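# Survey of secondary and tertiary structure
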Amino acid sequence: MDLDICYKDFPTIIKGKGLNGYGKEKALTNLPAPVSDDGISVEIIVDGKKYSGKLNKA
């Protein structure tokens, strides 16, 4: 029995279905809106309590 021959192109099939960590390409319309560079919004949870705010450049 010779197992060196494959009759299907499995790498192409795997990439096409987005399997094995390849993922499918997202449409450009699904991208988040650009963030202004005057600061960044942050949100953290500490001991089950949510804190949010904005970090500004110094």
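All of these numbers come straight from a predicted model, not from anything done at the bench.

## So, the overall build of the protein
Helices and strands together make up the secondary structure of the protein, namely 1 helix and 2 strands. Tracing the protein from N to C terminus, the helices and strands come up as α-β-β. Carbon and sulfur atoms make up 57% of the accessible area of the protein, which totals about 6100 Å².

## Some points on unusual backbone geometry
A positive phi angle, near 50 degrees, is found at D47, a position not held by glycine. Positionally, D47 belongs in the loop between β1 (39-46) and β2 (49-56). The class of D47 is exposed, set by a relative accessible area of 77%.

## Overview of the pattern of salt bridges
Across all of its chains, the model carries 1 salt bridge by this definition. Among the salt bridges present, the one from K50 reaches E43, with a minimum N-O distance of 3.7 Å.

## Focus: the confidence of the model for the protein
Of all residues in the protein, 66% attain a pLDDT of 70 or more, and the chain-wide mean is 75. The spread of mean pLDDT over the elements of the protein runs between β1, the lowest at 83, and β2, the highest at 86.

## Notes on the environment of G53
Locating G53 in the fold gives a position in strand β2. Each C-alpha atom of the pair G53 and I40 lies 8.5 Å from the other, and the pair is 13 residues apart in sequence. Non-local contacts of G53, meaning those with residues more than four positions away in its chain, are made with I40, S41 and V42.

Parameters and conventions
- Residues numbered from 1 in each chain as written.
- Predicted model: local features only at pLDDT ≥ 70, side-chain atom pairs only at ≥ 80, totals over all residues.
- Heavy atoms only, no water.
- Helix = DSSP H or I, 4+ residues; strand = E, 2+ residues; numbered from the N terminus.
- Areas by Shrake-Rupley, 256 points an atom, 1.4 Å probe, with all protein chains shown as cover.
- Buried < 20%, exposed > 50% of the residue type's maximum accessible area, 1.4 Å probe, protein only.
- Salt bridge = Lys/Arg side-chain N within 4 Å of Asp/Glu carboxyl O.
- pLDDT = per-residue confidence, 0-100.
- Contact = heavy atoms within 4.5 Å.

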